[in-house]
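# Architecture and fold: a report
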Amino acid sequence: MPDFKIAPSILSANFACLGQEVDDVLAAGADMVHFDVMDNHYVPNLTIGPMVCEALRKHGVTAPIDCHLMVKPVDRLIGDFIDAGAGYVTFHPEASEHVDRSLQLIRSQGVKAGLVFNPATPLSYLDYVMDKVDMILIMSVNPGFGGQSFIPAALDKLREARRRIDASGLPIRLEIDGGVGVENIAEIARAGADTFVSGSAIFKARNPEEANRYDGVIQRLRGELAGA
Ligand code: DX5
Ligand code: ZN
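Report on the accompanying structure. (Residues numbered from 1 in each chain as written. Chains lettered and ligands numbered in written order. Predicted model: local features only at pLDDT ≥ 70, side-chain atom pairs only at ≥ 80, totals over all residues. Heavy atoms only, no water.)

### Focus: the sheet that holds strand E5 (residues 112–117)
Using the following cut-off: DSSP bridges decide pairing: two strands pair if at least two such bridges lie between them. The secondary structure listing takes helices from DSSP runs of H or I that are at least 4 residues long and strands from runs of E that are at least 2 residues long, numbered from the N terminus. A fitted line through C-alpha atoms serves as each axis, taken over the contacting stretch for helices, and the angle formed by two N-to-C directions is quoted from 0 to 180°.
Ordered by their spatial adjacency, eight strands build an open sheet running E1-E8-E7-E6-E5-E4-E3-E2, and the pairing between neighbours is parallel. Of all strands in the sheet, those bounded by a partner on one side alone are strand E1 (5–8) and strand E2 (33–38). Across the sheet, the mean angle from the axis of one strand to that of its neighbour is 25°, orientation sign disregarded.

The following block contains the structure:
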């Protein structure tokens, strides 16, 4: 079985108690924290920045923080997120004037680098930088908001990205983001994804009856992956 990773998107968490929310999803078995950064310019929403990433580290979070930058320009914030403790920094190629340079900037600080592909963005941006990415993130919604429906064309794109990764022989993770939940995670895994962002499906399944409020949903996601 591939080394599947579950990355809850804290965009759908209760920000009034973010540290506890992150502790809870990690205790329930999540592998990393997906951290959505939006600037009201590249995408029509405004979220959280490096101070919040640093606060999670100071709170004691040791799991990788997967910082998905939906900001333009990206380069200055890359440095800020690395200083704030990011484990991955991914960005959209349309948001950088010099994609190769931005990727190198991330990796030069020992942080894993990734490119993010909107639903209409071609994978050809990878043609000359495959050796400079640690993660390919396929968007299965248009970026900006949690709770949107999965766009089925992302499955073909995942298959194409999987072909490229396998042909390269490089240890590149293939992440999917948007509309992922218990009902479709197995099909997404069969299309080649190994890293699954899920925001609303996880945080809306909060169950105060359980010892850990997110055990049930994380187990259901893992169960689907085991049968994929
Ligand atoms: C959307 C963000 C996603 C979002 C996913 O722009 O990149 O990470 O939080 O949320 P769900 O899982 O609810 O679609
Ligand atoms: Zn995201």
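Following the structure, the description resumes.
### A word on the packing of aromatic side chains
Definition in use: Each Phe, Tyr or Trp ring (for Trp, its six-membered ring) is paired with any other whose centre lies within 6.5 Å, and the angle between the two planes then decides the class: stacked below 30 degrees, edge-to-face above 60, tilted in between. Here the term buried applies to any residue with accessible area under 20% of the maximum for its type, exposed to any over 50%, and partly exposed to those in between, with areas from a 1.4 Å probe on protein chains only.
Within the structure shown, the criterion is met by three aromatic pairs. Between Phe35 and Phe81, the aromatic rings sit 5.9 Å apart at their centres with planes inclined by 70°, giving edge-to-face as the arrangement. Residue Phe35 is located in strand E2, and its partner Phe81 is located in helix H3 (residues 75–83); the two are separated by 46 residues in the primary sequence. Comparing Phe35 with Phe81, the two get one shared label, buried. Ring plane angle 70° and centroid distance 5.3 Å describe the contact between Phe203 and Tyr214, whose orientation is recorded as edge-to-face.

### What about unusual backbone geometry?
Residue Pro73 is reached from Lys72 by a cis peptide bond, and omega for that bond is -5°. At Asn40, a position not held by glycine, the phi torsion is positive, near 60°. Under the relative-accessibility criterion, Asn40 is labelled exposed at 54%.

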